[in-house]
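# Working through the structure, step by step
Residues per chain, in single letters:
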Amino acid sequence: MRYSIYTDEQAESFSDRIEPLFRSHSQDFKPALASRDKDISSVVSNFTSGRKIVYATSGSREDNILGFLLVNPVGFRDIIRIYAPCHYVNIALVAEEFRDNGIGTELLNKTIDEFLYEGDQYLALRTRTDNKRMQSVVKSVGFNLVGHEEDNGHKRQYYVYKK
């Protein structure tokens with residue numbers, strides 16, 4: 001397994017590489033797609049623009065993306081705004097067939113190592129309240145629950161990791 005980071009300048013060229021993984025898990029993103037009334041290619045391009053990407057590949061095969069995190073340079077949701085400046089994990093996705101292999105945990109650890117040592121004190125993220133697997137991963141890495149939100153019928157939990 002190889003873990004790498006794309007910077008803001010490289011992220012846009014990365015959207016073609018993650019689109020197949022995103023598309024294969026589009027059911028996880030139906031609310032986002034429906035509320036934006038856009039096709040998945042447009043959503044992926046929008047999500048990757050101006051963000052940093054932490055991703056896992058299989059060995060030396062850079063084209064075989066097993067999982068990724070999209071990281072915003074600043075958290076913008078009201079619940080986590082009090083922790084600013086902080087980086088915010090916008091999307092976390094690991095391919096179904098590679099889940100429960102520690103990839104999500106390692107992606108979060110790499111994100112913590114990279115972004116909390118740029119000067120931020122916090123790293124924040126949110127997850128759906130029904131996503132027990134993600135909640136377990138973020139808690140195991142050291143994130144703490146800081147709030148809940150309901151948006152258009154979707155319940156979410158917010159977590160923060162403190163340096």
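The present account deals with the structure reproduced in this document. This structure is a prediction, so every number in the text was calculated from the model and none was measured.

Two numbers describe a pair of packed helices, the interaxial angle and the distance between the axes. Running from N to C, helix H5 (residues 103–115) and helix H6 (residues 132–141) cross one another at 45°; their axes reach a closest spacing of 10 Å. What the angle tells us is that H5 and H6 run oblique. In this structure, H5 meets H6 at a crossing whose hand is right-handed. Across the interface between the two elements, Gly104, Thr105, Leu108, Asn109 and Ile112 from H5 touch Val137, Val138, Ser140 and Val141 from H6. For the contact of H5 with H6, the class distribution of residues is 5 nonpolar, 4 polar and no charged.

A few words on the nonpolar core. Core analysis: the largest hydrophobic core is formed by 22 residues, its most contacted members being Leu108, Leu125 and Phe143. Per-element tally for this core: the top contributor is H5, with 5 residues. Once residues within four sequence positions are removed from consideration, Phe143 is found in contact with Leu108, Ile112, Leu123, Leu125, Val138, Tyr159, Val160 and Tyr161. Listed in part, the 17 residues of the second largest apolar core include Phe22, Tyr55, Ile65 and Ile91.

So, on to the packing of aromatic side chains. Counting across every chain of the model gives 2 aromatic pairs. With centroids separated by 5.0 Å and ring planes inclined at 65°, the aromatic side chains of Tyr83 and Tyr122 adopt a geometry described as edge-to-face. A residue pair is termed long-range when its members are at least 10 positions apart, and Tyr83 in the loop between helix H4 (78–81) and strand E4 (86–94) and Tyr122 in strand E5 (residues 122–128) qualify at 39 residues. Given the relative accessible area of 18%, Tyr83 is considered buried. The interplanar angle of 55° and the centroid separation of 5.5 Å between the aromatic rings of Phe143 and Tyr161 together place this pair among those described as tilted.

Thresholds applied
Residues numbered from 1 in each chain as written. Predicted model: local features only at pLDDT ≥ 70, side-chain atom pairs only at ≥ 80, totals over all residues. Heavy atoms only, no water. Axes fitted to C-alpha atoms, helices over the stretch in contact; angles between N-to-C directions. Helix = DSSP H or I, 4+ residues; strand = E, 2+ residues; numbered from the N terminus. Parallel < 35°, antiparallel > 145°, perpendicular 65-115°, else oblique. Left-handed = near helix turned anticlockwise from the far one by under 90°. Contact = heavy atoms within 4.5 Å. Nonpolar A, V, L, I, M, F, W, Y, C, P; charged D, E, K, R; others polar. Core = buried A, V, L, I, M, F, W, Y, C linked by side-chain atoms within 4.5 Å. Buried < 20%, exposed > 50% of the residue type's maximum accessible area, 1.4 Å probe, protein only. Phe/Tyr/Trp six-rings, centres within 6.5 Å; stacked < 30°, edge-to-face > 60°.

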